[in-house]
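Take a look at the letters that make up each chain.
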Amino acid sequence: MNSKNLPLSHVEGGWTIGVGWTRKLVIAASVLDILALLTIILSISKLTPLTLIISVSIGGALMAISIILYVIVVVVDLRRRGVL
Amino acid sequence: MNPFEESIKAANGGGLSLIGWIVLVLSVLCILLIIRIMVQDPKKTAQPFGKWLLLLIFFILSPMIYLLNFSAAIEDSKKVDFCNSCHVMHGYVNDLKDPDSQYLASEHYQYRWIAEDQCFTCHSNYGLFGNAKAKMTGIRHVWAYYIAGYKTPIKLYNTYNNGICLRCHAPTVGFQETEEHIDNASDIINSKMSCLGLDCHVRTHPDKAWSEK
């Protein structure tokens, strides 16, 4: 057990990518980031007013959400490890 | 085949720009890396390498791709072909590219008085916020085109700003020495008098251009 009374399996690998709800968050962040990148690829390959606005607005929003989710994972992990 | 195809393509800025290629390659690379990390055994993804890689992708590469794409797309959206991607603009662009057209916009295009981004050059104000304002108007156009609808015949939102014409024409001696320009200088500068119509200059676009498919 560590200082936060969490099972060692939660801290052995460092971050908790492989464990519990934080892994789900990482997967969600990954999917959102992939979708955002796909909107960007779409606008690069066929630039029209619609694809431009989709990539800039929806793509940007998805990317921002994915970053926020990953920040949550990092913060949770650092707290588990007693860094924060 | 047109022997000048390559030159025409270069003049129109055709093909993907260097930034476009960088964005495309980085985007595909990021997607592949994310998938690779995600499909791995969860225990392996807890290794520092995978975590740092995801951190790099989420915090550095993805935002960088977004910003590069943003700047490239904003630049590419000035091109005539971009304006022509809405069908309501086809008539205007067809007239631009018609060598027999006598309309003012077409002559500016055919004789390359404006070398590139001809639509944008005449439809964006100069000054610090000219480009930004033009982009905001563009968003308004997209809203009208896809969602709110628009009335025909298409008209400008406001009186055309003669300052856009004067930016190129005012410094020329020929313009300065024309009697009509001198007599009406104040009204021309303040856009109270249009450069078009009367005995002055011909119209910019055909009246029915908006209805052409």
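Presented here is a report on the structure given in the accompanying data block.

1. Quick notes on the overall build of chain A
Phase 1 of the analysis: A tally of regular secondary structure across chain A gives three helices and zero strands.
Phase 2 of the analysis: What you see in chain A, going N to C, is helices and strands ordered as α-α-α.
Phase 3 of the analysis: In the structure as shown, chain A presents an accessible area of about 4,000 Å², 72% of it carried by carbon and sulfur atoms.

2. Details of the packing of aromatic side chains
Phase 1 of the analysis: Tallied over the entire structure, the rule returns six aromatic pairs over all chains.
Phase 2 of the analysis: For the ring pair Tyr-70 of chain A and Phe-58 of chain B, a centre distance of 4.7 Å and an interplane angle of 45° mean the geometry is tilted. On the criterion of chain membership, the pair formed by Tyr-70 of chain A in helix α3 (residues 49-80) and Phe-58 of chain B in helix α4 (residues 48-76) is interchain, its members lying in two chains. For the pair Tyr-70 of chain A and Phe-58 of chain B, a shared accessibility class is recorded, and that class is buried.
Phase 3 of the analysis: On the numbers, 6.4 Å between centres and 20° between planes, the contact of Tyr-66 of chain B with Phe-70 of chain B is stacked. Remark: Phe-70 of chain B and Tyr-66 of chain B occur in helix α4; sequence separation between them is four residues, near one turn of the helix.
Phase 4 of the analysis: Three or more aromatic residues link up through ring pairs in this structure, and these residues are Tyr-70 of chain A together with Phe-58 and Phe-59 of chain B.

Scoring rules and cut-offs
Residues numbered from 1 in each chain as written. Chains lettered and ligands numbered in written order. Predicted model: local features only at pLDDT ≥ 70, side-chain atom pairs only at ≥ 80, totals over all residues. Heavy atoms only, no water. Helix = DSSP H or I, 4+ residues; strand = E, 2+ residues; numbered from the N terminus. Areas by Shrake-Rupley, 256 points an atom, 1.4 Å probe, with all protein chains shown as cover. Phe/Tyr/Trp six-rings, centres within 6.5 Å; stacked < 30°, edge-to-face > 60°. Buried < 20%, exposed > 50% of the residue type's maximum accessible area, 1.4 Å probe, protein only.

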